[in-house]
Amino acid sequence: MTRFDSLADWLRWQETLHPREIELGLDRVRAVADRLDLLQPACPVVTVGGTNGKGSTLAYLEAIYSHAGYRTGLYTSPHLIRYNERIRIEQCEAADADIMAAFAAVDAARGDISLTYFEFGTLAALWLFARAQVDVTLLEVGLGGRLDAVNILDADVAVVTSIGLDHMDWLGETRDLIAREKAGIFRVGRPAICGDPDPPADLAAAAAERGAHWYALDRAFGSRRSRDGYWDWWSLQCTWQELPLPALGGGVQLHNAAAALMAVECLQSRLPVARAAIAGGLATAVLAGRCQHLTQDGIELVLDVAHNAEAAAALADWLAVHPAAGRTRAVYAGLADKDVRSVLAPLLPGVDCWYVGSLSGSRARHADSVLPLLVEADAAAAGYDDVAAAWHAARADSRPDDRILVFGSFLTVGEVLKLLESLKG
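Residues numbered from 1 in each chain as written. Predicted model: local features only at pLDDT ≥ 70, side-chain atom pairs only at ≥ 80, totals over all residues. Heavy atoms only, no water.

The name recorded for the protein in an unreviewed UniProt entry is Dihydrofolate synthase/folylpolyglutamate synthase, from Thiohalobacter thiocyanaticus. Regarding the protein, the UniProt comment filed under Cofactor (unreviewed entry) reads as follows: "Mg(2+)". Recorded in UniProt under Subunit (unreviewed entry), the annotation for the protein is "Monomer." (UniProt positions renumbered as here; feature names shortened; annotations may be inferred.)

Shown next, in the form of C-alpha cells:
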C-alpha cells in the first residue's frame with residue numbers, strides 16, 4: 001500500500017523525514033540498497049563528479065549512447081522545474097506514477113532507517129533503472145563524491161570534470177582537500193578520468209592510492225580545434241576527427257565533451273559506439289539551464305545556472321565571444337553560501353544593467369546584500385523582493401535585440417523557466 005497519492009505529497013514528506021537536509025555517509029543508504037538488491041547493476045555504471053561540468057558531461061554521454069541504440073538511465077540533480085527531470089530513462093523524464101512506485105518500494109524496504117531527500121531519490125532512480133533494464137547507468141554526484149549517495153555503486157568508469165572552491169563547509173577549504181573528496185568515486189582497477197586541465201596534485205595522487213587507472217586531460221586524451229565548427233578528439237589509443245562542436249556552447253565544453261568521449265572509449269568493449277553516434281550525440285545533447293537560448297519578441301534570453309567563480313568565468317567568456325546586438329541586462333539571485341563577489345566580477349564588463357532578486361529559504365541571499373557590491377563597481381543595479389519581480393522589470397525595460405541573462409542558481413533559472421512556461425499556457 002502506497003503512503004501517498006501524489007508525487008508532491010511524497011516529496012514534502014521526504015523533506016521532513018530525516019533530521020538533516022544533508023548528511024553525508026553511505027551506511028544507511030547502502031543498507032536499504034542492499035535490501036532492494038541494487039548494489040550490483042547488470043549494466044555498466046558511469047559516475048560523474050566535479051565542481052562544474054557534471055551535467056554537461058552526462059548530457060553528452062546520454063545523447064551518444066542513445067544515438068548508439070542503448071537504453072540509458074540518467075540520474076541528475078537538482079531539478080529546475082519538475083522533480084521528474086532528475087530521473088530519465090531513454091531520454092524521457094520518469095512519470096509521476098513510476099516515481100511514486102519507486103518511492104513506495106524504497107519506503108517498504110527501509111524499515112526504521114531514516115533517509116534524506118537526496119538518498120530517497122537516488123534509491124528510487126536505481127530501482128527504476130533496474131526495472132527498465134537499462135544498458136548503461138549514468139549518475140551525477142550530488143555533493144563531493146566519497147560520501148555521496150550515488151557512491152554506493154562501484155563505478156565502472158568515474159569522471160571528475162573540474163575542481164573548484166565550492167561547498168567548502170562540507171568538502172574542505174583548498175582544491176587539494178576538495179579533490180580528495182571527489183576522488184572517492186574512483187575504484188581499484190577501473191578508469192578514473194579527469195576533465196580539469198589543471199587539476200590539483202592530490203587528485204592524481206588519490207587515484208594512484210586507490211589503484212585506479214588515471215586518464216588526465218591533455219595527457220591521456222584531449223581535444224584540438226580543426227576547421228570552423230569542428231574539432232578532433234584524441235587519446236593514446238585512437239582519434240576521432242572532424243567532430244561537430246559540442247551543442248551546449250562555450251569553450252569549456254570541449255573539456256567536458258572530451259572527458260565524455262574518454263568514458264565512451266573506456267567502455268567500448270562492453271558498449272561499442274560508432275563515430276556516427278558520437279557525432280550525433282555531441283550535436284544534439286540538450287541540457288536546460290546551461291547557456292540555454294530562448295527568444296521572446298525579438299529579445300534574446302540566456303539562462304545559465306552558473307553559481308560559483310569558475311562557472312561565472314566560463315559564462316563571461318561565452319558572452320564575450322557572442323556579444324549581444326543591443327544591451328545586456330542581467331537577472332541575478334544567489335545563495336548565501338556562495339562567494340557572490342567572485343561570481344559577479346567576471347560578468348561586470350559584459351552587463352549593462354543589473355536586476356537583483358531575492359531567493360527564499362534558509363540558504364537564500366537577499367538582494368540588499370548584493371547591491372552594495374554592484375554600486376561599489378559603479379554598475380547600474382536595482383533590487384527586488386523576488387526573482388519574478390526582477391525578471392518582469394528586466395523584461396519591461398528590454399527592446400528587440402537586447403539580451404537578458406538569467407543566472408546565479410538553479411533556483412533562479414528554475415523560477416524564470418516556470419514564468420516562461422506559464423506564459424505559454
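Moving on, there is more to tell.
J.: Quick question: what am I supposed to make of the pattern of salt bridges here?
T.: When charged atoms on two side chains of opposite charge get close, those side chains can pair. For the coordinates displayed, the defined rule picks out 21 salt bridges. One salt bridge connects Asp202 with Arg180, and the closest N-O pair in it is separated by 3.2 Å. Separated by 22 residues along the polypeptide, Asp202 in helix H8 (residues 201-210) and Arg180 in helix H7 (residues 175-182) bring together distant segments of the chain. Between Arg224 and Asp232 there is a salt bridge whose closest N-O contact spans 4.0 Å. (Salt bridge = Lys/Arg side-chain N within 4 Å of Asp/Glu carboxyl O. Helix = DSSP H or I, 4+ residues; strand = E, 2+ residues; numbered from the N terminus.)

J.: Teacher, can you tell me more about the side chain of His307 here?
T.: In this structure, His307 sits in the loop between strand S13 (299-303) and helix H11 (309-321). There is a polar contact of 2.9 Å between the side chain of His307 and the backbone oxygen of Val305. (Polar contact = N/O pair within 3.5 Å; in protein donor to acceptor, adjacent residues only side chain to side chain.)

J.: For this particular structure, what's the right way to read the packing of aromatic side chains?
T.: Given two aromatic rings, their pairing is described by the distance between the two centres and the angle made by the two planes. On inspection of all chains with the given rule, the structure shows 15 aromatic pairs. Considering the side-chain rings of Tyr75 and Phe118, the 5.8 Å spacing of their centres and the 35° angle between planes classify their relative orientation as tilted. With Tyr75 in strand S2 (residues 72-75) and Phe118 in helix H5 (residues 117-132), this pair connects stretches of sequence that are 43 residues apart. Pair check on accessibility: Tyr75 and Phe118 agree, each one buried. Aromatic rings pair up to connect Phe4, Trp10, Trp13, Tyr83, Phe103, Tyr117 and Phe120 into one cluster. (Phe/Tyr/Trp six-rings, centres within 6.5 Å; stacked < 30°, edge-to-face > 60°. Buried < 20%, exposed > 50% of the residue type's maximum accessible area, 1.4 Å probe, protein only.)

J.: So what exactly am I meant to see when it comes to the sheet that holds strand S8 (residues 213-216) here?
T.: Whether parallel or antiparallel, the strands of a sheet pair through hydrogen bonds between backbone atoms. One open sheet accounts for eight strands, arranged S4-S3-S2-S5-S1-S6-S7-S8; its pairing is mixed. Looking at the sheet topology across the chains shown, the edges are occupied by strand S4 (92-93) and S8. Summarising the sheet, strand S1 (residues 45-49) and strand S6 (residues 157-160) pair through four bridges and their orientation is parallel. Among the inter-strand pairings, Thr47 is bridged to a residue of S6, identified as Ala158. Of the strands in this sheet, S1, S2, strand S3 (87-89) and strand S5 (136-140) are in contact with helix H3 (residues 54-67), which crosses S5 at around 170°. Here H8 sits on the sheet and contacts S6, strand S7 (191-194) and S8; the angle it forms with S8, its principal contact strand, is near 155°. (Pairing = 2+ DSSP bridges. Contact = heavy atoms within 4.5 Å. Axes fitted to C-alpha atoms, helices over the stretch in contact; angles between N-to-C directions.)

J.: Just checking my understanding: could you explain the layout of surface pockets for this structure?
T.: A water-sized probe, rolled over the atoms, reveals where empty space remains. Here the second largest pocket defines a volume of roughly 670 Å³. As for the second largest pocket, its lining consists of 31 residues, and the residues nearest its centre are Leu80, Glu85, Ala288, Gln292 and Leu417. Secondary-structure elements contributing two or more residues to the lining of the second largest pocket are H3, strand S12 (292-296) and helix H15 (410-424). The leading source of residues in the lining of the second largest pocket is H15, at six residues. When we break the lining of the second largest pocket down by domain, the ones giving at least three residues each are domain 1 (7-283) and domain 2 (292-423). (1 Å grid on protein atoms, 1.4 Å probe; cavity = no way out; pocket = protein on both sides within 12 Å on 5 of 7 lines; lining within 4 Å. Points joined across faces, edges and corners; volume = space filled by probe spheres on them. Domains from an automatic or database assignment.)

J.: Just checking my understanding: could you explain the domain arrangement of the protein for this structure?
T.: The extent of an interface is frequently quoted as the accessible surface area lost upon association of the parts. When its domains are assigned, the protein resolves into domain 1 (7-283) and domain 2 (292-423). The centre of domain 1, based on its C-alpha atoms, is set 28 Å off from the matching centre of domain 2. Taken together, the contacts link 13 residues of domain 1 with 14 residues of domain 2. A combined buried area of about 1100 Å² lies between domain 1 and domain 2, and 56% of that area is made up of carbon and sulfur atoms. One can count one salt bridge joining domain 1 with domain 2. Residues Arg82 and Glu421 are paired through a salt bridge, measuring 3.4 Å at the closest nitrogen-oxygen approach. (Buried area = accessible area lost by both parts, 1.4 Å probe.)

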